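The lines below spell out each chain.
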Amino acid sequence: MKNLFNTFGILVTIFIFTSNSIAQVNSDYDKSTDFKKYKTVSFGGWEKESDKILNDFDKKRITNALTNEFNSRGIKLVDANGDATVTLYLVIKNKSNITAYTNFNGGLGYAGRWGFGRGIYGGVGSASTSLSENEYREGTIVIDLYDTAQKKLIWQGDMTTEVQEKSEKREKSIPKNIKKLMKRFPVDPIKK
């Protein structure tokens, strides 16, 4: 029984710590829009100057990942006057979570007519609970795609995930997360 509680406690702890890194992705689009007509896209900038919280390397990682995703769908990035215009918005918040782990220890007690033994019917046992707090940063990126001529929003995708603190990890996670977000885009990548 003790092993069952220990195993369960470890599994819960692993789930809580890994659940922070699972990206939450949402998207919505104008169902009346024919997305196949968009062959070029231009970058409209960062909304509300939200790029100020990023360093130049991460800005480049995000824009390169988006460019690659649009290119894979046959949509080319142009400097200005694209068929569609993409804008980005970013929010980063400091977060924390608290995990409690309880370790149950059996004790000695009365074991029926056979006398004393492990505490089956009662007796003294103990439990100890330890708490741990994990602080992390959570980032949300919102990608808006507008029809340039009509100036109307045609697609929006957003993703919330834990921000990787090490630049080596961000170098891998940013393109991976942008790819995951763009899976919700109404145009699939062109198969080669």
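All figures in this text were calculated on a predicted structure; none of them were measured in a lab.

Section: the pairing of strand β7 (residues 126-147)
Both strand β4 (residues 84-105) and β7 contribute to a ladder of 22 bridges, which runs antiparallel. Note that in β7 the partner of N97 across the bridge is N134. Here β7 pairs with strand β8 (residues 152-162) via 10 bridges, running antiparallel. Across the sheet, I141 pairs through a bridge with M159, a residue of β8. In this structure, the hairpin formed by β7 and β8 is closed by a connection of 4 residues, where K151 is found at a positive phi of approximately 55°.

Points about the nonpolar core
Judged by nonpolar contacts, the single largest core of 28 residues is most densely connected at I62, F70, I143, L145, I178 and F185. Among the secondary structure elements, those contributing two or more residues to this core are β2 (40-46), α2 (56-72), β4, β7, β8 and α3 (167-182). In contact with I178, not counting residues within four places along its chain, are I62, A65, L66, E69, I141 and I143.

Quick word on the confidence of the model for the protein
Considering every residue of the protein, the mean pLDDT works out to 83; 79% of them sit at 70 or more. When the elements of the protein are averaged for pLDDT, helix α1 (residues 2-19) gives the smallest value, 42, and strand β3 (residues 76-78) the largest, 96.

Considerations on unusual backbone geometry
Working note: non-glycine residues mostly have negative phi, and peptide bonds are mostly trans. Of note, the phi angle at K48 is positive, near 50°, even though the residue is not glycine. Turning to its location among the elements, K48 is positioned in the loop between β2 and α2. Since its relative accessible area comes to 74%, K48 is described here as exposed. Non-glycine residue N81 carries a positive phi angle of around 55°. For N81, the position within the fold is in the loop between β3 and β4.

Let's talk about the packing of aromatic side chains
Under the criterion given, the structure shown has 6 aromatic pairs. Aromatic side chains Y29 and F35 sit 5.8 Å apart centroid to centroid with 75° between the ring planes, which places their arrangement in the edge-to-face category. Looking at F35, the relative accessible area reads 6%, which means it is buried. Taking 5.8 Å as the distance between ring centres and 90° as the angle between the ring planes, the aromatic pair formed by F70 and F185 counts as edge-to-face. Placement of the pair is F70 in helix α2 and F185 in the segment after α3, with a sequence separation of 115 residues. Aromatic ring contacts, followed pair by pair, group Y29, F35, Y38, F70, W155 and F185 into a single cluster.

About the criteria used
- Residues numbered from 1 in each chain as written.
- Predicted model: local features only at pLDDT ≥ 70, side-chain atom pairs only at ≥ 80, totals over all residues.
- Heavy atoms only, no water.
- Pairing = 2+ DSSP bridges.
- Helix = DSSP H or I, 4+ residues; strand = E, 2+ residues; numbered from the N terminus.
- Core = buried A, V, L, I, M, F, W, Y, C linked by side-chain atoms within 4.5 Å.
- Buried < 20%, exposed > 50% of the residue type's maximum accessible area, 1.4 Å probe, protein only.
- Contact = heavy atoms within 4.5 Å.
- pLDDT = per-residue confidence, 0-100.
- Phe/Tyr/Trp six-rings, centres within 6.5 Å; stacked < 30°, edge-to-face > 60°.

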